[in-house]
Amino acid sequence: MDLSCPKCKSEDTQKLTMVTSASGLFGKILRFGAVYVYNVWIPVASVFFGIAFGIVFGLFNGYLGFFAFAGTLVAGFFARKWVKAKTRSKFADLSDNMRQNGFQCNRCEHLFIPVESLPAPKMQIASA
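A quick note: this is a predicted structure, and the numbers were derived from the prediction, not measured. (Residues numbered from 1 in each chain as written. Predicted model: local features only at pLDDT ≥ 70, side-chain atom pairs only at ≥ 80, totals over all residues. Heavy atoms only, no water.)

**Comments concerning the overall build of the chain**
Then, in step 1: Check the secondary structure of the chain and you find four helices and three strands.
Then, in step 2: Counting every position in the chain, which comprises 128 residues, the buried fraction comes to 22%.
Then, in step 3: Sequence-distant contacts in the chain: of pairs separated by 6 or more residues, those separated by 24 or more amount to 61%.
Then, in step 4: Carbon together with sulfur atoms contributes 67% to the accessible area of the chain, which is approximately 9,800 Å² in total. (Helix = DSSP H or I, 4+ residues; strand = E, 2+ residues; numbered from the N terminus. Buried < 20%, exposed > 50% of the residue type's maximum accessible area, 1.4 Å probe, protein only. Contact = heavy atoms within 4.5 Å. Areas by Shrake-Rupley, 256 points an atom, 1.4 Å probe, with all protein chains shown as cover.)

And the structure:
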(Lines give C-alpha, C1' and ligand atoms only; values in the text may rest on other atoms or scores of the structure.)
Protein backbone atom coordinates (compact mmCIF):
# COMPACT_ATOMS: atom_id res chain seq x y z
CA MET A 1 0.00 0.00 0.00
CA ASP A 2 1.46 3.34 -1.05
CA LEU A 3 0.99 5.86 1.76
CA SER A 4 2.98 8.70 0.21
CA CYS A 5 1.23 12.03 -0.25
CA PRO A 6 -0.28 12.39 -3.75
CA LYS A 7 0.28 16.15 -3.66
CA CYS A 8 3.94 16.49 -2.59
CA LYS A 9 5.08 12.82 -2.75
CA SER A 10 6.30 12.93 0.86
CA GLU A 11 6.60 9.65 2.77
CA ASP A 12 5.90 11.42 6.08
CA THR A 13 2.17 10.70 6.47
CA GLN A 14 0.02 9.79 9.46
CA LYS A 15 -3.39 8.18 9.86
CA LEU A 16 -6.14 10.71 10.68
CA THR A 17 -7.35 8.74 13.70
CA MET A 18 -3.90 9.24 15.21
CA VAL A 19 -3.80 12.93 14.32
CA THR A 20 -7.22 13.70 15.80
CA SER A 21 -6.51 11.86 19.06
CA ALA A 22 -3.04 13.40 19.47
CA SER A 23 -4.25 16.48 21.34
CA GLY A 24 -4.53 14.53 24.58
CA LEU A 25 -5.85 15.77 27.89
CA PHE A 26 -4.44 19.29 27.54
CA GLY A 27 -6.24 19.76 24.20
CA LYS A 28 -9.51 18.55 25.71
CA ILE A 29 -9.14 20.98 28.63
CA LEU A 30 -8.48 23.86 26.22
CA ARG A 31 -11.49 22.90 24.08
CA PHE A 32 -13.72 22.73 27.20
CA GLY A 33 -12.43 26.16 28.24
CA ALA A 34 -13.20 27.66 24.86
CA VAL A 35 -16.68 26.14 24.81
CA TYR A 36 -17.26 27.48 28.33
CA VAL A 37 -16.16 30.97 27.21
CA TYR A 38 -18.32 31.18 24.11
CA ASN A 39 -21.38 29.53 25.66
CA VAL A 40 -21.37 31.26 29.05
CA TRP A 41 -19.10 34.27 29.40
CA ILE A 42 -19.64 36.01 26.09
CA PRO A 43 -23.47 36.02 26.45
CA VAL A 44 -23.27 37.08 30.12
CA ALA A 45 -20.82 39.88 29.32
CA SER A 46 -22.94 40.98 26.36
CA VAL A 47 -26.05 41.35 28.50
CA PHE A 48 -24.13 43.05 31.33
CA PHE A 49 -22.41 45.58 29.07
CA GLY A 50 -25.60 46.01 27.04
CA ILE A 51 -27.51 47.02 30.16
CA ALA A 52 -24.66 49.27 31.32
CA PHE A 53 -24.31 51.02 27.95
CA GLY A 54 -28.10 51.20 27.62
CA ILE A 55 -28.40 52.99 30.95
CA VAL A 56 -25.52 55.40 30.28
CA PHE A 57 -26.68 56.33 26.78
CA GLY A 58 -30.30 56.22 27.89
CA LEU A 59 -29.63 59.16 30.19
CA PHE A 60 -29.13 61.32 27.09
CA ASN A 61 -31.86 59.85 24.94
CA GLY A 62 -34.12 56.80 25.34
CA TYR A 63 -33.73 55.71 21.72
CA LEU A 64 -29.95 56.03 21.94
CA GLY A 65 -29.98 53.87 25.07
CA PHE A 66 -32.07 51.21 23.36
CA PHE A 67 -29.80 51.18 20.30
CA ALA A 68 -26.70 50.94 22.52
CA PHE A 69 -28.27 47.97 24.34
CA ALA A 70 -29.32 46.23 21.12
CA GLY A 71 -25.98 46.97 19.41
CA THR A 72 -24.04 45.48 22.29
CA LEU A 73 -26.17 42.32 22.19
CA VAL A 74 -25.65 41.98 18.43
CA ALA A 75 -21.89 42.55 18.85
CA GLY A 76 -21.85 39.84 21.53
CA PHE A 77 -23.65 37.46 19.19
CA PHE A 78 -21.09 38.01 16.44
CA ALA A 79 -18.21 37.76 18.94
CA ARG A 80 -19.55 34.40 20.11
CA LYS A 81 -19.91 33.23 16.50
CA TRP A 82 -16.32 34.33 15.71
CA VAL A 83 -14.81 32.64 18.79
CA LYS A 84 -16.77 29.46 18.08
CA ALA A 85 -15.47 29.38 14.49
CA LYS A 86 -11.87 29.96 15.61
CA THR A 87 -11.93 27.17 18.22
CA ARG A 88 -13.55 24.60 15.94
CA SER A 89 -11.43 21.64 14.91
CA LYS A 90 -10.30 21.55 11.30
CA PHE A 91 -11.37 17.89 11.23
CA ALA A 92 -14.97 18.58 12.27
CA ASP A 93 -16.43 18.58 8.75
CA LEU A 94 -14.76 15.40 7.51
CA SER A 95 -16.85 12.47 6.34
CA ASP A 96 -16.82 9.19 8.25
CA ASN A 97 -14.94 7.48 5.42
CA MET A 98 -12.19 10.12 5.57
CA ARG A 99 -11.96 9.88 9.36
CA GLN A 100 -11.61 6.09 9.29
CA ASN A 101 -9.45 5.61 6.18
CA GLY A 102 -7.83 8.99 5.68
CA PHE A 103 -4.24 10.08 6.08
CA GLN A 104 -2.62 13.48 6.57
CA CYS A 105 0.70 14.52 5.10
CA ASN A 106 2.91 15.97 7.83
CA ARG A 107 4.74 18.09 5.28
CA CYS A 108 1.95 19.89 3.38
CA GLU A 109 -1.06 18.87 5.57
CA HIS A 110 -2.89 17.44 2.56
CA LEU A 111 -5.71 15.03 3.51
CA PHE A 112 -6.10 11.96 1.31
CA ILE A 113 -7.39 8.40 1.21
CA PRO A 114 -5.02 5.85 -0.32
CA VAL A 115 -6.30 4.27 -3.52
CA GLU A 116 -6.25 0.79 -1.94
CA SER A 117 -8.70 1.95 0.76
CA LEU A 118 -11.29 3.34 -1.61
CA PRO A 119 -14.37 1.21 -2.20
CA ALA A 120 -14.52 -0.52 -5.56
CA PRO A 121 -16.87 1.16 -8.04
CA LYS A 122 -20.06 -0.70 -8.85
CA MET A 123 -20.26 -1.96 -12.40
CA GLN A 124 -23.45 -1.30 -14.28
CA ILE A 125 -24.46 -3.78 -16.88
CA ALA A 126 -26.19 -2.22 -19.81
CA SER A 127 -29.22 -4.13 -20.99
CA ALA A 128 -29.94 -4.41 -24.67
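Right, picking up where we left off after that structure.
**Things to note about the sheet that holds strand E3 (residues 111–112)**
Across a sheet, strands are paired by hydrogen bonds formed along the backbone, either parallel or antiparallel in direction.
Then, in step 1: Read across the sheet, three strands follow the order E1-E2-E3 without closing on themselves; strand pairing throughout is antiparallel. Two strands in the sheet have a free side with no partner beyond their single neighbour: strand E1 (13–15) and E3.
Then, in step 2: One ladder, built from two bridges, connects strand E2 (residues 103–105) with E3; its direction is antiparallel. From the neighbouring strand, Phe103 faces E3, where its bridge partner is Phe112. (Pairing = 2+ DSSP bridges.)

**Overview of the packing of aromatic side chains**
Then, in step 1: A full pass over the atoms with the stated rule returns four aromatic pairs.
Then, in step 2: The structure contains a cluster of three or more aromatic residues connected by ring pairs, namely Phe48, Phe49 and Phe53. (Phe/Tyr/Trp six-rings, centres within 6.5 Å; stacked < 30°, edge-to-face > 60°.)

**A word on the environment of Lys84**
Then, in step 1: The topology assignment puts Lys84 in helix H3 (residues 62–87).
Then, in step 2: Look at Lys84 and you get partly exposed, because its relative accessible area is 40%.
Then, in step 3: Distance in space between the C-alpha atoms of Lys84 and Ala34 is 7.9 Å, their sequence separation being 50 residues.

Interpretation note: all reported values are geometric properties and have no functional meaning in isolation.
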